[in-house]
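Okay, here's what each chain looks like letter by letter:
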Amino acid sequence: MNRARNAQVKEICSANPVPYFVDGMWSLGSAPAIAVIDPANGQPVCEVACADESEVDRAVRAARQAFDHGPWPKLRPDERARALERWANLVERDSEVLAELETLQTGKPIRESRGDVARALDGIRFYAASARNIRGEVIDVSDRHHSYVVSSPIGVVAAIVPWNVPIVLTISKAAPALAAGNCVVVKPSQTTPLTALHLAKLWEEADLPRGVYNVINGPGRSVGEALCLHPLVTGITFTGGTDTGLHLGELAARQNKRVMLELGGKSPNIVLADADLQKAIPGSANAIFYGQGQICAAGSRLLVEDAVFDQVVDGIIKHAEAMRIGDPLDEATEFGCVTSLSHRDELLGWVERAVADGARVVTGGTSADVPGLPNGAFMKPTVLVDVPADAPISCEEVFGPVLVVQRIKDADHAVALANDSIFGLSAGVWTKNIGLARDIAGRLEAGVVWINDYGVFNPAMPFGGVKLSGSSHREWSHLALDAYLEHKSIWEANS
Ligand code: NAD
């Protein structure tokens, strides 16, 4: 049964199926519709229309047509900024609708979804303002020439979005690409398309040009891949699993397309003996348990200095056991469910294998019962100690609320252990010695480091990883705009 509470959400979900948005029009597609499942009760929220390859072709051609002949790329920066502001204002108006849709499709607590919607809104406004700052430069290198560089949009951008933070990751891609003057085709995860689709509804309501923001639905391997490899797509921005991203990167390289990859992580979070434990303990617990651990930057490896190891582990256990697990739609819920029952079973399987490898479960490690939701994908926040450093659970991305705690001798040992990973997305350091913290931050192989905090975000700060966590570009900030711009050098001979 659909558990929507908001009248508008009920109405959105009553469409059967919910159409997707191409060229300013709503389409039902010809492929079989896909059910969006509420992980809190295992029941369909609604069905969404699904594209096939011919619809992918239509979407990309519409975007290219809008790019070549529509107004969007030619708008003055202030006009484009105002257009994005109009979109943002409607997103703000519909914040509660978007938050409820996000919770119904992901299982995250409503309070987290509200935070995600606020971050997405801030992201649109940040890039609306940035649209006014895209500029070229004069590089005066010759007394015989006037030489300068102009920046222009790259064309059609394919944006591939995963299921864990759908609205934020739709905006992290679409907003800079649109601000730079590109046209975008978004392919959300087939399991969580509802917020990207509602953003399309708001795009339409804001009376923004057709063909510029398109959303199609469908499975990744067919629809997503056909979209990315379409000859008229110039740039691909992908967030998702490392294997999928590397596969896509390989295919796209053969077409010499611009590819931006944001992939997995196994982020180390270091607590040194002199840390302020009043802050480090709840901060480290939130680093892994926020989003039910299904966050690419989750601090899933906690590296604790020997002298405070027991105190920190005890504190994290208390924090985990005090979290209110419950119906994601309830205001009081602090910890919702994971994305599906099959994902929960995989997570419990990870814990079982870790125990077989010698780990000890100090809290959690089982499913959780939530009254009234017997088929929900709930599991308890889980903490493991005594885990061998080379056990798969210490090295691979688990993508759930499972924390591995390891003992470290000192800061050098922590850095060595932290960097001994195929991933390099983010990291945390907790110590009162700020000089040492900065030194460690400099030595950590990661795209983002938080000192005496974890997980803070602002659209003005770049986000992205090194090693197998991502390609060298960054999302967010002014740096992301660059991924969606061509820079042309022009030499004008003096007459
Ligand atoms: P996934 O790789 O299974 O899917 C991601 C998206 O790619 C989905 O929309 C899917 O339909 C699509 N897709 C799948 N195969 C494709 C193909 N061959 N061609 C084109 N598109 C394809 O990932 P997921 O399970 O949805 O998301 C979880 C993963 O995302 C985790 O590994 C997580 O770490 C990662 N993630 C990374 C970041 C980051 O910023 N680095 C942020 C969030 C999530």
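Residues numbered from 1 in each chain as written. Predicted model: local features only at pLDDT ≥ 70, side-chain atom pairs only at ≥ 80, totals over all residues. Heavy atoms only, no water.

1. Looking at the domain arrangement of the protein chain
Domain annotation for the protein chain reports domain 1 (7-263 + 471-489) and domain 2 (268-458). Just the C-alpha atoms count here: the centres of domain 1 and domain 2 sit 30 Å apart. Counting residues at the interface gives 24 residues for domain 1 and 31 residues for domain 2. Of the roughly 2,200 Å² buried where domain 1 meets domain 2, counting both sides, 56% is carbon and sulfur surface. At the junction of domain 1 with domain 2, the criterion picks out 1 salt bridge. Glu-331 is paired through a salt bridge with Arg-114; the nearest N and O atoms lie 2.9 Å apart. Here domain 1 and domain 2 share 10 residue pairs in polar contact (both at pLDDT 80 or more) between them. Within the residue set of the side of domain 1 that touches domain 2, elements represented by two or more residues are helix H4 (95-106) and helix H5 (110-130). With 6 residues, the single largest contributor to the side of domain 1 that touches domain 2 is H5. (Domains from an automatic or database assignment. Contact = heavy atoms within 4.5 Å. Buried area = accessible area lost by both parts, 1.4 Å probe. Salt bridge = Lys/Arg side-chain N within 4 Å of Asp/Glu carboxyl O. Polar contact = N/O pair within 3.5 Å; in protein donor to acceptor, adjacent residues only side chain to side chain. Helix = DSSP H or I, 4+ residues; strand = E, 2+ residues; numbered from the N terminus.)

2. A short note on H5
For H5, which comprises 21 residues, the first-to-last C-alpha distance of 30 Å matches the rise-based estimate of 30 Å (1.5 Å per residue) to within 8%. Among all positions in H5, only Ile-110, Glu-112, Ser-113, Asp-116, Val-117, Ala-120, Leu-121, Gly-123, Ile-124, Tyr-127, Ala-128 and Ser-130 are buried. Buried-residue contacts for H5 involve helix H3 (77-93), H4, helix H6 (166-179) and helix H16 (477-483). (Expected span 1.5 Å × (residues − 1). Buried < 20%, exposed > 50% of the residue type's maximum accessible area, 1.4 Å probe, protein only.)

3. Examining the site of the ligand
Inspection of the region around the ligand gives 29 residues, with Val-161, Glu-225, Thr-244, Leu-263 and Glu-397 positioned closest. Take Val-161: an N or O atom from its main chain is 2.8 Å from an oxygen atom of the ligand. Protein contacts shield 89% of the accessible area of the ligand, which totals 850 Å² for the unbound molecule. Elements represented by at least two residues in the shell around the ligand include exactly helix H8 (220-228), strand S10 (235-239) and helix H9 (242-254). Residue contributions to the shell around the ligand peak at 4 residues, all from H8. Grouping the constituent residues of the shell around the ligand by class yields 13 nonpolar, 11 polar and 5 charged. (Near = heavy atom within 4 Å. Areas by Shrake-Rupley, 256 points an atom, 1.4 Å probe, with all protein chains shown as cover. Nonpolar A, V, L, I, M, F, W, Y, C, P; charged D, E, K, R; others polar.)

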